[in-house]
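# A closer look at the structure
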Amino acid sequence: MARRQDHTRRRRRSIPAALAIVARRAAVVPAAIAALSLAGCGGGDAPGIEASDEFIAAADAVCLDTAQSLAAARSEAGTAQDSDAAVALINTELPISLDALNRLETLEAPSYQAQDWERFLVLQEDRIGAQEESLAAARRDDPDSFREAQAEFEALTDEADGVGARLGFEAC
């Protein structure tokens, strides 16, 4: 019963309210930056630790750069209060996300991390797809579809965060 009530509550959010959720997620960027500044990219005693450390550092560098670019874009755009502002914000974010994916795809994970790495890349592609769905919904001024696409984006982000943690990432 509580699940249904939660679903009903989500359906009532407007596009600006859904974007506020995305903005709150962006607030973790400074924490990620601080964590990377204070901590080295580590590993464990897994095979190929040097290759893994290099891979993790390279992926984290891309993700950190991307997070900083997205945070700057969101800061400059401000909070989207209507569909037009949501369209403008997503149009700014999509090229940054696509560039990050292209840069990540150039990296090669150590063989023992290859399966998780492939899953991580697929999740990044799917997140971009959800952003594109959000954009289309915002262009149509369709709050229900926008919320659904944003919920999908958030679920994919959560899954990508989990896979990234398994890979040893701190900024991805």
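For the structure, check the block above.
First, a word on scope: everything that follows refers to the structure included in this document.

The rules behind these values
Think of each chain on its own: its residues are numbered from 1, step by step along the sequence as written. The predicted nature of this model means local features are confined to residues of pLDDT at least 70 and side-chain atom pairs, given and counted, to a pLDDT of 80 or more, with totals for whole chains, interfaces and linings taken over all residues. For side-chain calculations, the full set of non-hydrogen atoms in the structure is used, while hydrogens and water are omitted. Strands are runs of DSSP state E lasting at least two residues, helices are runs of H or I lasting at least four, and both sets are numbered from the N terminus onward. For a helix, the expected span equals 1.5 Å multiplied by the residue count minus one. Definition used for salt bridges: Asp or Glu carboxyl oxygen within 4 Å of a side-chain nitrogen of Lys or Arg. Each residue is assigned to one of three classes by its accessible area relative to the maximum for its type, calculated with a 1.4 Å probe on protein chains only: buried under 20%, partly exposed between the two thresholds, exposed over 50%. Inter-axis angles, ranging from 0 to 180 degrees, are taken between N-to-C directions of lines fitted to C-alpha atoms, where helices are fitted over the stretch in contact. Put simply, angles under 35 degrees are roughly parallel, angles over 145 are roughly antiparallel, angles from 65 to 115 are roughly perpendicular, and the rest are oblique. Less than a right angle of anticlockwise turn of the near helix away from the far helix marks a crossing as left-handed, whereas a clockwise turn marks it as right-handed. Amino acids are sorted into nonpolar (Ala, Val, Leu, Ile, Met, Phe, Trp, Tyr, Cys and Pro), charged (Asp, Glu, Lys and Arg) and polar (every other residue, Gly among them). Think of a nonpolar core as a cluster: buried Ala, Val, Leu, Ile, Met, Phe, Trp, Tyr and Cys residues, connected wherever their side-chain atoms sit within 4.5 Å. Cysteine sulfur atoms that come within 2.5 Å of each other are treated as a disulfide pair. Like-charged residues within 9 Å of one another, or nonpolar side chains (Val, Leu, Ile, Met, Phe, Trp, Tyr) within 5 Å, are grouped into patches, provided each residue has over 30% relative accessible area and no salt bridge. For accessible areas, the Shrake-Rupley method is used with a probe of radius 1.4 Å. Any residue's cover is judged against the shown protein chains and nothing else. None of His or the chain ends enter the tally, which takes Lys and Arg as positive and Asp and Glu as negative. Here the site of a charge means atom NZ of a Lys, CZ of an Arg, CG of an Asp or CD of a Glu. Between rings of Phe, Tyr and Trp, where Trp is taken as its six-membered ring, a pair exists when centres lie within 6.5 Å; planes separated by under 30 degrees are stacked, by over 60 edge-to-face, and by other angles tilted.

### Some points on helix H6 (residues 114-140)
Compared with the 39 Å implied by 1.5 Å per residue over 27 residues, the 39 Å span of H6 between its first and last C-alpha is a close match. Residue Asp-141 follows H6 closely and has a positive phi angle near 55 degrees.

### Here we look at the pattern of salt bridges
Going through the model one piece at a time under the given rule, you end up with seven salt bridges. Between Glu-159 and Arg-119 there is a salt bridge; the shortest N-O distance is 2.7 Å. Taken together, the residues Glu-159 in helix H7 (residues 143-167) and Arg-119 in helix H6 connect sequence positions 40 residues apart. The class for Glu-159 is partly exposed, based on a relative accessible area of 35%. Between Arg-147 and Asp-144 there is a salt bridge whose closest N-O contact spans 2.2 Å. Taken together, the positions of Arg-147 and Asp-144, both in helix H7 and three residues apart, correspond to about one turn of that helix. Relative accessible area serves as the criterion here: at 12%, Arg-147 is assigned to the buried category.

### Brief notes about helix H5 (residues 83-105)
The terminal C-alpha atoms of H5 lie 32 Å apart, and with 23 residues this matches the ideal 33 Å at 1.5 Å per residue to within 8%. Along H5, the positions that sit buried rather than exposed are Ser-83, Ala-86, Val-87, Leu-89, Ile-90, Glu-93, Leu-94, Ile-96, Ser-97, Ala-100, Leu-101 and Leu-104.

### Considerations on the packing of H6 against H7
Angle between the axes and distance between the axes are the two parameters that describe a pair of packed helices. It is the contact of H6 with H7, at a shortest axis distance of 8 Å, that shows an interaxial angle of 165 degrees. By the criterion of interaxial angle, the relationship of H6 to H7 is roughly antiparallel. Helix-helix and strand crossings are classified by hand; for H6 and H7 the assignment is left-handed. Looking at the contact of H6 with H7 residue by residue, the class counts come to 13 nonpolar, seven polar and nine charged.

### As for the nonpolar core
Counting residues in hydrophobic clusters, the biggest one holds 33 residues, and the most contacted among them are Phe-55, Leu-104, Trp-117, Phe-120, Leu-167 and Phe-169. The set of elements that each furnish at least two residues to this core consists of helix H4 (49-77), H5, H6 and H7. Here this core takes nine residues from H6, the largest share from any one element.

### So, the state of the cysteines
Per the counting criterion, the structure on display carries one disulfide. With its sulfur 1.8 Å from that of its partner, Cys-63 forms a disulfide with Cys-172. Looking along the S-S bond of the Cys-63-Cys-172 disulfide, the torsion reads about 95 degrees, which is the right-handed sense. Linking Cys-63 in helix H4 with Cys-172 in the segment after H7, this pair joins segments that are 109 residues apart in sequence. What makes Cys-172 buried here is its relative accessible area of 15%.

### Considerations on a negative patch on the surface
There is a patch of like negative charges on the surface, built from Glu-105, Glu-118, Glu-125, Asp-126, Glu-132, Glu-133 and Glu-152. Per element, the largest residue contribution to the negative patch is five residues, and it comes from H6. Position of Asp-126 among the secondary structure elements: in helix H6. Accessibility expressed as a relative area gives 34% for Asp-126, which makes it partly exposed.

### A short note on the packing of aromatic side chains
Enumeration according to the criterion identifies five aromatic pairs in this entry. A ring pair is formed by Phe-120 and Phe-169, whose centres lie 5.4 Å apart and whose planes are at 75 degrees; its orientation type is edge-to-face. Residue Phe-120 is found in helix H6, and its partner Phe-169 is found in the segment after H7; the two are separated by 49 residues along the sequence. Pair check on accessibility: Phe-120 and Phe-169 agree, each one buried.

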